[in-house]
4 protein chains.
Amino acid sequence: MMDTRRDFIKKSSMLGLAGALSPIEKLISTSEEINMKNKEQTKWLDGSRLIVSISMQFEAGGQPVNSESPFPQNMQKGYVDLPAETWYNYGYKEGIPRMLDNWDRLGVKVTSHMVGSAVLKNPSLAKEIVQRGHEAAAHGMNWDTQYMMSYDQEKKFIKDGADAIKNITGFSPVGYNANWLRRGENTLKILQELGFLYHIDDVSRDEPFIIDVNTKDFAVVPYTIRCNDIVLIEGKQFSVDQFFNQVKREFDQLFVESQHKRRMLSISFHDRIGGTPQIVNATSELITYIKNHHGVSFRRKDEIAKMTLEDKTSVRE
Amino acid sequence: MMDTRRDFIKKSSMLGLAGALSPIEKLISTSEEINMKNKEQTKWLDGSRLIVSISMQFEAGGQPVNSESPFPQNMQKGYVDLPAETWYNYGYKEGIPRMLDNWDRLGVKVTSHMVGSAVLKNPSLAKEIVQRGHEAAAHGMNWDTQYMMSYDQEKKFIKDGADAIKNITGFSPVGYNANWLRRGENTLKILQELGFLYHIDDVSRDEPFIIDVNTKDFAVVPYTIRCNDIVLIEGKQFSVDQFFNQVKREFDQLFVESQHKRRMLSISFHDRIGGTPQIVNATSELITYIKNHHGVSFRRKDEIAKMTLEDKTSVRE
Amino acid sequence: MMDTRRDFIKKSSMLGLAGALSPIEKLISTSEEINMKNKEQTKWLDGSRLIVSISMQFEAGGQPVNSESPFPQNMQKGYVDLPAETWYNYGYKEGIPRMLDNWDRLGVKVTSHMVGSAVLKNPSLAKEIVQRGHEAAAHGMNWDTQYMMSYDQEKKFIKDGADAIKNITGFSPVGYNANWLRRGENTLKILQELGFLYHIDDVSRDEPFIIDVNTKDFAVVPYTIRCNDIVLIEGKQFSVDQFFNQVKREFDQLFVESQHKRRMLSISFHDRIGGTPQIVNATSELITYIKNHHGVSFRRKDEIAKMTLEDKTSVRE
Amino acid sequence: MMDTRRDFIKKSSMLGLAGALSPIEKLISTSEEINMKNKEQTKWLDGSRLIVSISMQFEAGGQPVNSESPFPQNMQKGYVDLPAETWYNYGYKEGIPRMLDNWDRLGVKVTSHMVGSAVLKNPSLAKEIVQRGHEAAAHGMNWDTQYMMSYDQEKKFIKDGADAIKNITGFSPVGYNANWLRRGENTLKILQELGFLYHIDDVSRDEPFIIDVNTKDFAVVPYTIRCNDIVLIEGKQFSVDQFFNQVKREFDQLFVESQHKRRMLSISFHDRIGGTPQIVNATSELITYIKNHHGVSFRRKDEIAKMTLEDKTSVRE
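Anyway, here's the lowdown on the structure attached to this text. (Residues numbered from 1 in each chain as written. Chains lettered and ligands numbered in written order. Predicted model: local features only at pLDDT ≥ 70, side-chain atom pairs only at ≥ 80, totals over all residues. Heavy atoms only, no water.)

### Things to note about the overall build of chain A
Moving on, step 1. Broken down by element type, chain A carries 13 helices and 10 strands.
Moving on, step 2. Looking at the 317 residues of chain A, the share that counts as buried comes to 65%.
Moving on, step 3. A separation of at least 24 residues holds for 74% of the contacts in chain A among residues at least 6 apart in sequence.
Moving on, step 4. Carbon and sulfur atoms make up 51% of the accessible area of chain A, which totals about 11400 Å². (Helix = DSSP H or I, 4+ residues; strand = E, 2+ residues; numbered from the N terminus. Buried < 20%, exposed > 50% of the residue type's maximum accessible area, 1.4 Å probe, protein only. Contact = heavy atoms within 4.5 Å. Areas by Shrake-Rupley, 256 points an atom, 1.4 Å probe, with all protein chains shown as cover.)

### Brief notes about the relation of the copies chain C and chain B
Moving on, step 1. Of the transformation superimposing chain C on chain B, the axial component is 0.0 Å and the angular component is 90 degrees, with the fit at an RMSD of 0.0 Å. Both copies are brought into coincidence by an operation consistent with a four-fold rotation axis.
Moving on, step 2. Of all interface residues in chain C, a mere 5% are interface residues in chain B too; the two copies therefore contact each other through different surfaces. (Least-squares fit on C-alpha atoms with pLDDT ≥ 70 in both.)

### Regarding the pairing of strand E2 (residues 111-114) of chain B
All names here are of chain B.
Moving on, step 1. With burial as the criterion, each face of E2 is covered, one bearing Thr111 and His113 and the other bearing Ser112 and Met114.
Moving on, step 2. Sheet analysis places E2 next to strand E3 (residues 135-138), joined by 4 bridges and oriented parallel. Bridged to His113 within E3 is Ala137. (Pairing = 2+ DSSP bridges.)

### Considering the interface of chain A and chain D
Moving on, step 1. Every contact between the two is made by 43 residues of chain A and, on the other side, 44 residues of chain D.
Moving on, step 2. In this assembly, chain A packs against chain D so that about 4100 Å² is buried in total across both faces, 52% of it on carbon and sulfur atoms.
Moving on, step 3. Broken down residue by residue, the surface that chain A buries against chain D is led by A:Arg182, A:Lys236 and A:Arg249, which jointly contribute 19%.
Moving on, step 4. Connecting chain A to chain D are 8 salt bridges.
Moving on, step 5. Linking D:Lys93 and A:Glu317 is a salt bridge whose minimum nitrogen-to-oxygen distance equals 2.6 Å.
Moving on, step 6. The tally of links from chain A across to chain D stands at 22 residue pairs in polar contact (both at pLDDT 80 or more).
Moving on, step 7. The set of elements that each furnish at least two residues to the side of chain A that touches chain D consists of helix H1 (2-18), helix H2 (24-35) and helix H10 (240-257) of chain A.
Moving on, step 8. Considering each element in turn, the side of chain A that touches chain D owes the most residues, 9 residues, to H10(A).
Moving on, step 9. Tallied by class, residues from the side of chain A that touches chain D come to 15 nonpolar, 8 polar and 20 charged. (Buried area = accessible area lost by both parts, 1.4 Å probe. Salt bridge = Lys/Arg side-chain N within 4 Å of Asp/Glu carboxyl O. Polar contact = N/O pair within 3.5 Å; in protein donor to acceptor, adjacent residues only side chain to side chain. Nonpolar A, V, L, I, M, F, W, Y, C, P; charged D, E, K, R; others polar.)

### Examining helix H7 (residues 151-169) of chain D
All names here are of chain D.
Moving on, step 1. When the terminal C-alpha atoms of H7 are compared, their 27 Å separation across 19 residues agrees well with the 27 Å that a helix rising 1.5 Å per residue should span.
Moving on, step 2. Looking only at H7, the buried set comprises Glu154, Phe157, Ile158, Gly161, Ala162, Ala164, Ile165 and Thr169. Relative to the axis of H7, the buried residues are bounded by an arc of 150 degrees and lie together on one face. Those residues of H7 that are exposed and aimed more than 90 degrees away from the buried face are Asp152, Lys156 and Asn167.
Moving on, step 3. In this fold, the buried residues of H7 make contact with strand E2 (111-114), helix H5 (116-121), helix H6 (123-131), strand E3 (135-138), strand E4 (175-176) and helix H8 (187-193).
Moving on, step 4. Looking one or two residues past H7, Gly170 carries a phi angle of roughly 80 degrees, positive in sign. (Expected span 1.5 Å × (residues − 1). Arc of directions from axis to C-beta.)

### A look at the interface of chain C and chain B
Interfaces are often sized by the accessible area lost when the parts come together.
Moving on, step 1. On the side of chain B, 43 residues touch chain C, which itself brings 43 residues to the contact.
Moving on, step 2. Buried surface at the junction of chain C and chain B, both sides included, amounts to about 4100 Å², of which 51% is carbon and sulfur.
Moving on, step 3. Looking at the side of chain C facing chain B, the largest losses of area belong to C:Arg182, C:Lys236 and C:Arg249, adding up to 19% of the total buried there.
Moving on, step 4. If you look at where chain C meets chain B, you find 8 salt bridges.
Moving on, step 5. Summed over the shared surface of chain C and chain B, the result is 22 residue pairs in polar contact (both at pLDDT 80 or more).
Moving on, step 6. At the level of elements, helix H1 (2-18), helix H2 (24-35) and helix H10 (240-257) of chain C are the ones that each hand at least two residues to the side of chain C that touches chain B.
Moving on, step 7. If one sorts the elements of the side of chain C that touches chain B by residue count, H10(C) sits on top with 9 residues.
Moving on, step 8. Taken together, the residues that form the side of chain C that touches chain B break down as 15 nonpolar, 8 polar and 20 charged.

### Some words on the relation of the copies chain A and chain D
Moving on, step 1. Screw-axis analysis of chain A against chain D gives a translation of 0.0 Å along the axis, an RMSD of 0.0 Å, and a rotation angle of 90 degrees.
Moving on, step 2. A low fraction, 5%, of the interface residues of chain A reappear at the interface in chain D, so the copies pair through non-equivalent surfaces.

### Thoughts on unusual backbone geometry
Moving on, step 1. At B:Asn214, a position not held by glycine, the phi torsion is positive, near 55 degrees.
Moving on, step 2. Take B:Asn214: it is sitting in the loop between strand E6 (209-213) and strand E7 (216-220).
Moving on, step 3. With phi around 60 degrees, C:Gln237 is a residue other than glycine that occupies positive phi space.
Moving on, step 4. Here C:Gln237 is to be found in the loop between helix H9 (229-235) and H10.

Below, the structure is given as structure tokens:
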């Protein structure tokens, strides 16, 4: 990999001497379009140079009483934060339906990590997500802190959540996401035992990779905290424009790199946040922009995991 | 509702195949303008497709000593935060008068949730708000935490605030807003008993809806925390441009959706925040932009509540 | 005042019916240019319609050990935060000199509130500020919390700071600014006794006004927390562009209003913050923009206070 | 220096009277291009008017367990924050390799402050940095708090880190950066004893300067907290666009000033932050913009330190 990178650099710096001040991105794509002979090997199995993977977290309705919300975190004990509940309810009343319409309109299939308790609370919506062609992935039975559980507790916790999804939607989840990505020491073993193919609780790479779990291959399809509505909008208190511009820059760079290296862009939306009018408006604009590039495809994470596991050239650790 | 949504999607995706890369928003509005036969039923009773509801909170002057402000929250006990008081005073000295002029200039009527103690402190300004055609709605007698009150305490608290408004302005409030939206378990019952028609302490939908309170209809006219100056400017520490761009995106999406579904945009301003020159400047620009769209009207929340209660097609929960 | 405002509104709303969608700001300034007969009385004594007042706080070098800075606030007791000291030192090594050059280049005179201990630390720089035509105003002897002092303590504290300024720069301060605007109950009395003409620790109005202190007139020249580098850049963590755009909007609105009302824009810079290249770059752009408007002048706060005290039409409280 | 500055101002203000409203920056550069006779003395020894110095901190992999990260800082004791570890790992898996490619593409050499433990964790990457022409500078043996160490502890801590770098990369570090810039009282003495030429833990000036340490000259090459990814992106929670625009303004102002004064722009990137696609995308744009100015060069800090120490006109303190 190192050698390939250096060769590439050598070529493009020589080129750089010739055509000085033109926008760097154009320069690079032109130079590589012409010079790179090993283009094929950098592609994904489906022929894409860059894959975009969107998550649509389905959590609202399953949250514990007085969960964190944009309302001041100063409720007196013994009382319920009623407006905060309506904020969560927005997720299934407006958020998921709006995003579902948007994905259809844009022709995009996404991965929906579903909390078991949220699925039980709104079964018909969970079912609709799957019926409209999206992937149902597991996200725990509820919002409990997973990394502190014993092996048995955790296995039941994961299985209960997956069973809820399967029973309601008919879709058997093969992917997993722990609350705040915080898996414990046993999580991967349990996932392998339960037949899962991949997890996403890793932000170390801009492409999926294979790890060994219980002496078998297991896929890691990295999630994101840089292109993630809950981290940026609620955590960092970004405005929607900041979110939009930042993900656009992320795409632009990965698109350039995907000329010589397999790349993946991960974007994440949560029902009550990514489903607001302002974010869906920006998402439409963003995805329309992304779709206007050749060689980019939108894939569900189960598809990505399977391609990764089948591909002899996948990164291994 | 689900069926309607799916039909819409089917139509617009087919259209999507034909005209690939044009801006998605234009695509949608064109396609629907042509194809939708059931336009009428999605409209509001007044013929609007989208209603914008503006709140102008009248609170300053009624706040307790050393209330939260942009000044460092580290006052030593026993001393008064004098500059913070002048920050609050700005609300009635400059903020409300400036906004009142702006609403007149733009031809917009708003809903002013008035804290009883603020009304008593500046009666002539409260009166002027009503005289200039705006709605006076109730917002508690003072800034006390409402959700912890007993039934009797709370009933008196609500009634005293409403009476103060009625006595000073001549306007009988029919709408209610609790401090930080935090109603208690008895609040709705009390409001129904006192003759209120609606409350706003709910952010679960982008349109008003009807709930059952004491076996009678009661309207919920959702407030906002996404298009709210105190949440964005003071809480999230947005700049004015961030506020402006975010609300603009919210409008753009709701306007598109209002082709096939009744929609409402709620925007909120507070005397000492929304009344600054920088925000009024942005508000003028925003509302001028919004007014440049057909089928959009600006309504007071009492008008919205009445239309909702009279409309057989309103959402019910 | 109310009547004037209403007349104005009546005129501009009628006009609004005629010329619908043109930018509201243009509409207003045109309509008033033509219709307002009472233009004169809204002007300042010097003929300006809008006055811009810039503060350049001179504090660095006088701060206590381990004062708040952008470095993590987690120093172990007994150690000095050395890089934080260099951050403060930037204020007199680069910040003030850069701003002084900028004011000269732009032809603007400002008010420099000087902490006594900072003046003693860098006397030649304090002197240079005055020699280059700027106002030296008082800002306490050091960074102590003023509002908790006894009458005698506070009088000495204020006088010592003013004396330091006078002795070093030859300029007798007539204006005062308390640390974080937090004056105590005795501050105004003391200032009046010591011969001060005005203080700035008030953010309640967008124009100066007169109050009664010790049965004599005393001017209040409002400071700002909306157009203030320490509040926006360090407190709210704005980027420079956010700061710039926000102050620009503030100006735009006040300029429109200054057609029918005397208005003042207050902007504040601190040595170690407002004196950085990035902010001075934005400041140049901002002030160049402002200067491109007729009827706007830049004034030192001592000039503003004197005009206010001499003007029969000044607001009184 | 003061005289030079005043002369300059006099010239440019006179010019200002003639050509009123043209952009101030253009005005200044034109006026000086023509009038300044003493251009030579303001240049750097290498003939540059402005030098840009980029840091690429190499720290990831060497961090203690559960170091601060963008994940919620609420881990229960006794558990490892596994996703946070993957966030750090991104620094060497994607971040540094991506930045290395970018520097080559742009033709820029940078200074890499390397934590000893990070070098030992990823020796081949550390080596590659040096092989590709960048400077290896010291950054402590690990992430320990340096300012609390005894003289002996600290000397060993610094030497161990420098030795790790030398042994792995073959490069003998001559520059030093303490964790969060927090040197102790003995640090400079130790650095001088160990043969270092400069340190960067100072933000007091926009140009390097010479101090006396152990009666010998020692260079200070100021670091930055205004153009620093960890401060802006993680600390202030800037979006990438905010970062980009702010550094651009910093450059624009320093470029203007560099007509009459030696200036340096310091920019800092950290492996796991500055190496993300979104920031590298902005960095490419920024550096391409900067390179489009005459008289600007990019230099490693060891080159800057040497030029400073050799230059008779360097600032001394």
